[in-house]
Amino acid sequence: MSGNIKLQICDTAAAVATAAATAFADLIRTRPEAVIGLATGSTPEATYSEMARMHKEDGLTMAAVTSFNLDEYWGLGGDHKQSYRYFMNDRLFRHVDIRPWNTHVLNGKARFPGLECRSFEDRILAAGGVDLWLLGIGGNGHIAFNEPGSSVDSRTRLVSLTQETIDANSDGRFFSDPSEVPRCALSAGIGTIREARALILLATGAKKADAIAAAVEGPFSPDCPSSLLQDHPDCTFIIDAAAASKLT
Ligand code: F6R
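Residues numbered from 1 in each chain as written. Predicted model: local features only at pLDDT ≥ 70, side-chain atom pairs only at ≥ 80, totals over all residues. Heavy atoms only, no water.

Student: Explain the environment of Gly 77 to me, using residue names and the numbers behind them.
Tutor: Checked against the element boundaries, Gly 77 lands in the loop between strand S4 (71–73) and helix H3 (84–91). By relative accessible area, which is 10% here, Gly 77 ends up buried. Expressed as a C-alpha distance, the spacing of Gly 77 and Asn 107, which sit 30 residues apart in the sequence, is 7.0 Å. In this structure Gly 77 touches Ser 83 and Lys 109, once residues within four positions along its chain are discounted. (Helix = DSSP H or I, 4+ residues; strand = E, 2+ residues; numbered from the N terminus. Buried < 20%, exposed > 50% of the residue type's maximum accessible area, 1.4 Å probe, protein only. Contact = heavy atoms within 4.5 Å.)

What follows is the structure, encoded as structure tokens:
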């Protein structure tokens, strides 16, 4: 089944970044007070660089934009270099004119995780919902930190990371040893993500090819959390040729 997922296959990872940044810039130019969802990880880094360039050189303003991030490691504060709050400040927020108080990243040091997750969902509702949410995909098909087995209607919550995700994030790009990676995270749920009015999922490189094939052509199943986007009314996968190489 491929459902409604639209595919945009680019020759290179650089072209993926340009296409994704252009989609966000088009939205923000049409609707300056847009509510956007963001992701962390290696894949969106080039997209954020391109958005920063568009701000600096093409007059893109994010002054009225509100953002929500997918997830945060449990136990890491925003001053920790591997926290997703730190990542977002470093890769995007400090390079553009988004107002810090309009950027919502779950607090990995919240005293009560359940209350923090509820408040995150409430803030999305109060903002009027997310117009366009950027996603990455794990090698095991995860979206945000919704690991295989996560339900289609899951909400923002405290989750455990799989060993595969811990290993993937300690290959030297972020953490250098698996023992440094937090075992848990706060993550937007699949139900939370599915409520965004539009979704763009990015994938680059051959390491993502199996996950992309399972998400697009496999069954609609919690075994591959990204397959649970197949019935979303406006979901586009922007991927490079290597990530598309196992599609039939
Ligand atoms: C990060 C996130 C994760 C990543 C995924 C891919 O906010 O939600 O699902 O998108 O693990 O990470 P990279 O891009 O580093 O391969």
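Having seen the model, we can carry on.
Student: Report on the layout of surface pockets, specifying residues and quantitative values.
Tutor: Looking at the largest pocket, its volume works out to about 600 Å³. Around the largest pocket, the lining is made up of 30 residues, and of these Ile 137, Gly 138, His 142, Asn 169 and Lys 208 lie nearest the centre. Of all the secondary structure elements, the ones that give two or more residues to the lining of the largest pocket are S4 and helix H5 (163–168). At 4 residues, H5 tops the list of elements feeding residues into the lining of the largest pocket. For the lining of the largest pocket, the residue count by class is 11 nonpolar, 12 polar and 7 charged. (1 Å grid on protein atoms, 1.4 Å probe; cavity = no way out; pocket = protein on both sides within 12 Å on 5 of 7 lines; lining within 4 Å. Points joined across faces, edges and corners; volume = space filled by probe spheres on them. Nonpolar A, V, L, I, M, F, W, Y, C, P; charged D, E, K, R; others polar.)

Student: Which residues make up the packing of helix H1 (residues 13–30) against helix H2 (residues 45–58), and what values go with them?
Tutor: Axis separation between H1 and H2 bottoms out at 8 Å; the angle between their running directions is 50°. Considering the angle they form, H1 stands oblique to H2. The two elements H1 and H2 meet at a crossing, and its hand is right-handed. Every residue of H2 that contacts H1 at Ala 17, Thr 18, Ala 20, Ala 21, Thr 22, Phe 24, Ala 25 and Arg 29 is listed here: Ala 46, Thr 47, Glu 50, Met 51, Met 54 and Asp 58. A per-class count over the contact of H1 with H2 returns 8 nonpolar, 3 polar and 3 charged. (Axes fitted to C-alpha atoms, helices over the stretch in contact; angles between N-to-C directions. Parallel < 35°, antiparallel > 145°, perpendicular 65-115°, else oblique. Left-handed = near helix turned anticlockwise from the far one by under 90°.)

Student: An account of unusual backbone geometry is requested, with residue identities and associated values reported.
Tutor: Positive phi is not limited to glycine here, since Ala 144 has a value of about 50°. Within the secondary structure, Ala 144 is located in the loop between strand S6 (132–135) and strand S7 (157–160).

Student: Explain H2 to me, and be specific about the residues and the numbers.
Tutor: Over its 14 residues, H2 runs 19 Å from end to end, which matches the ideal 20 Å to within 8%, given 1.5 Å per residue. Along H2, the positions that sit buried rather than exposed are Thr 47, Tyr 48, Glu 50, Met 51, Ala 52 and Met 54. Of the residues one or two after H2, Gly 59 is the one with positive phi, at around 75°. (Expected span 1.5 Å × (residues − 1).)

Student: Account for the pattern of salt bridges, naming residues and giving values.
Tutor: Under the definition given, this model contains 16 salt bridges. A salt bridge links Asp 234 to Lys 6, with the nearest nitrogen and oxygen atoms 2.9 Å apart. In this pair, Asp 234 is assigned in the loop between helix H7 (209–217) and strand S10 (235–240) and Lys 6 in strand S1 (residues 6–10), connecting sequence segments 228 residues apart. Exposure remark for Lys 6: the relative accessible area of 39% places this residue in the partly exposed category. Arg 91 is the partner of Asp 90 in a salt bridge, and the nearest nitrogen-oxygen pair spans 3.1 Å. Here the residues in one salt-bridge network are Arg 31, Glu 33, Asp 131 and Arg 197, joined through shared partners. (Salt bridge = Lys/Arg side-chain N within 4 Å of Asp/Glu carboxyl O.)

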